Structures are given as C-alpha cells and as structure tokens.
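Structural characterization, general
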Amino acid sequence: MKAHLLSSVLLSAGLLAGCSKSDNKAPEPAPAPKVAAPAAATEQSPGVRTIALQAGDAMKFDLTTVEVAPGQSLKVVMTNSGTLPKDAMAHNWILLKAGSDPAAFATAAQTSKDTGYIPVALKDEILAQIQLLGPKETGEVSFKAPTTPGEYPYPCSFPAHFLVGMKGVLIVK
Ligand SMILES: [Cu+2]
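This write-up is about the structure you can find in this document. Computed from a predicted model, the values in this text were never measured in an experiment.

1. Overview of helix α2 (residues 102–109)
Since the α-helix turns once every 3.6 residues, residues separated by three or four places project in the same direction. For α2, every residue scored as buried is listed here: Pro102, Phe105, Ala106 and Ala109. Burial along α2 is one-sided: seen end-on, the buried residues are contained in an arc of 95°. Contacts from the buried residues of α2 go to β4 (91–96), β5 (126–133) and β7 (150–155). Between the side-chain oxygen at the start of α2 and the backbone nitrogen of alanine 103 there is a gap of 2.9 Å, and the oxygen is on aspartate 101.

2. A closer look at the sheet that holds strand β2 (residues 65–68)
If you trace the three strands from one edge of the open sheet to the other, you get β2-β8-β7, paired in mixed fashion. The sheet terminates laterally at β2 and β7, the two strands that pair on one side only. Between one strand axis and the next, the sheet turns by 20° as a mean value, whatever way the strands run. Alignment of β7 against strand β8 (residues 167–172), held across six bridges, turns out to be antiparallel. The partner of proline 155 across the bridge, within β8, is lysine 167.

Conventions and cut-offs
Residues numbered from 1 in each chain as written. Predicted model: local features only at pLDDT ≥ 70, side-chain atom pairs only at ≥ 80, totals over all residues. Heavy atoms only, no water. Buried < 20%, exposed > 50% of the residue type's maximum accessible area, 1.4 Å probe, protein only. Helix = DSSP H or I, 4+ residues; strand = E, 2+ residues; numbered from the N terminus. Arc of directions from axis to C-beta. Contact = heavy atoms within 4.5 Å. Polar contact = N/O pair within 3.5 Å; in protein donor to acceptor, adjacent residues only side chain to side chain. Pairing = 2+ DSSP bridges. Axes fitted to C-alpha atoms, helices over the stretch in contact; angles between N-to-C directions.

Okay, structure coming up:
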C-alpha cells in the first residue's frame, strides 16, 4: 500500500516536471507554407493525394500496389532513378482500365516506338499516363481515381519491361 502511494506521488512529480519543462530550442525560421500532409487517405479529403513512384535500371516500380479511394484526386509523380541512356532504358507509367490485359497491351506496345510505346489500337484502355522518362527525368499526371472499385493495372510499356515484372496495380476500394 505504501509503495503504491509512493509510486503515484513520484508519477505526479514526473508529470509536473514534464509539464513545466521549457523548450529551449532555437527559434524556428519563418514557418514554411504548410503543405497538406498525405494524411489518412480514407477521409473524404478535398485535397489531392500525391503518389511518388521510382523506377530505375532494375526495371521495377518501387510501388507495385497502391490503394486509393473511389474518385479521389490523385497526382502520380514518377522519377527514373536510373542512369542508362533513354534509348536503352526508359520507363513510362500507363494506368489501364480494370479488366484490361496489361500483357496484351505491353506486347502491342513493342511495335509502337513512334508513339512512345503506346499502341494506338489500345489507346482506349488508358486512364492516365506518364510518358517515357529517361535517366533522372521526372514526370507526373493528375487525375481522379475511378469511381468503380476494382484493380487497375499499370504496366511500363517499354519493350520487355512488363515481362520482367515492371508493373503494378492501383486498387480502388
Ligand atoms: Cu520500364
């Protein structure tokens, strides 16, 4: 009983000390304009959610699954972090409709160099895209997520990249 009392006294003392502790940090520089934090994506936030993607010489997207809310405003920003020349190693980001076949898209893309490896015949399957990026280039696209829940594939359509696994899925739920 006594020990218990003692410990609660100590606890109170500790709390008081914590409260009265003054913060001696140097004054901060003028506050930078506050950018909306990418907070809980589940909230019906009117803000835009930014999704940062990296792609490099390993021919992978660093994010292979991205979950978003239906109709959410999105900005996808992708950087090619690689060093190989653009002719040999470039990356794009092609968001396709749910239910479309990314393998078929990638196959058709191989013979579409003139259009940045976008097969004109399958253009209708594209919901959003970032064009081919060479080394150290960054591209972005802003759009609203589909309102229909589902899985929307995003391949890179540079020849052979899809085959070695350069793909991901935007999940709307
Ligand atoms: Cu690629």
